[in-house]
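These are the residues of each chain, in order.
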Amino acid sequence: MNAPHPIRALHGHLVGVAPSLDALAPAEPLPSASEALGRLESSLAILDAIAEAGLSAVHHLERATIAGAGQRADYLRLEDVAAKLQAVARRAEAARSRVSDKLAGAR
């Protein structure tokens, strides 16, 4: 019962962290126009759902901290989450700016 999982025994522990998107960007060719439109639509839908879930989670987080919950480990996790959300916001703003520039040029 204590035997390691066959994949872990064969390959060792597989890290479940995605690589940085900045590291992938230079090697990845740009998609075609139709593929880019599909990626845009699906990415917007995903980000919208994540934003809605985030707003719901933040509501509960606020209420929990107002009630006095929170330890040092929670604070460190909150710092990490805040940094990730700032990176998402920065990159989404850059994408919004590119779309705005494109639309301004089309007028």
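Let me begin by describing the structure that accompanies this report. (Residues numbered from 1 in each chain as written. Predicted model: local features only at pLDDT ≥ 70, side-chain atom pairs only at ≥ 80, totals over all residues. Heavy atoms only, no water.)

**A short note on a nonpolar patch on the surface**
Condition: Exposure above 30% relative accessible area and the absence of a salt bridge qualify a residue for a patch, where like charges join within 9 Å and nonpolar side chains (Val, Leu, Ile, Met, Phe, Trp, Tyr) within 5 Å. Throughout, the Shrake-Rupley method with a 1.4 Å probe supplies accessible areas, and for residues the shown protein chains are the sole cover considered. Within this document, salt bridges are pairs made up of a side-chain nitrogen of Lys or Arg and a carboxyl oxygen of Asp or Glu, the two lying within 4 Å of each other. A run of DSSP states H or I qualifies as a helix once it reaches four residues; a run of E qualifies as a strand once it reaches two. Both are numbered from the N-terminal end.
Nonpolar side chains collect at one region of the surface, where Ile46, Leu47, Ile50 and Val88 lie side by side and expose about 360 Å² of accessible area between them. With three residues, the single largest contributor to the nonpolar patch is helix H3 (residues 33-66). By the element assignment, Ile46 lies in helix H3.

**A look at the pattern of salt bridges**
Condition: Throughout, exposure labels follow a simple rule: accessible area from a 1.4 Å probe, protein chains only, divided by the maximum for the residue type, with under 20% read as buried, over 50% as exposed, and the rest as partly exposed.
Counted under the stated rule, the structure contains four salt bridges. Across the pair Arg39 and Glu28 runs a salt bridge whose closest N-O atoms are separated by 3.3 Å. One end of the pair, Arg39, is in helix H3; the other, Glu28, is in the loop between helix H2 (21-24) and H3, and 11 residues separate them in sequence. The partner of Glu35 in a salt bridge is Arg39, and the shortest N-O contact between them spans 2.8 Å. Of this pair, Glu35 and Arg39 both sit in helix H3, four residues apart, roughly one helical turn. The class for Arg39 is partly exposed, based on a relative accessible area of 36%.

So, to be careful, I would describe these as geometric facts and stop short of saying anything about function.
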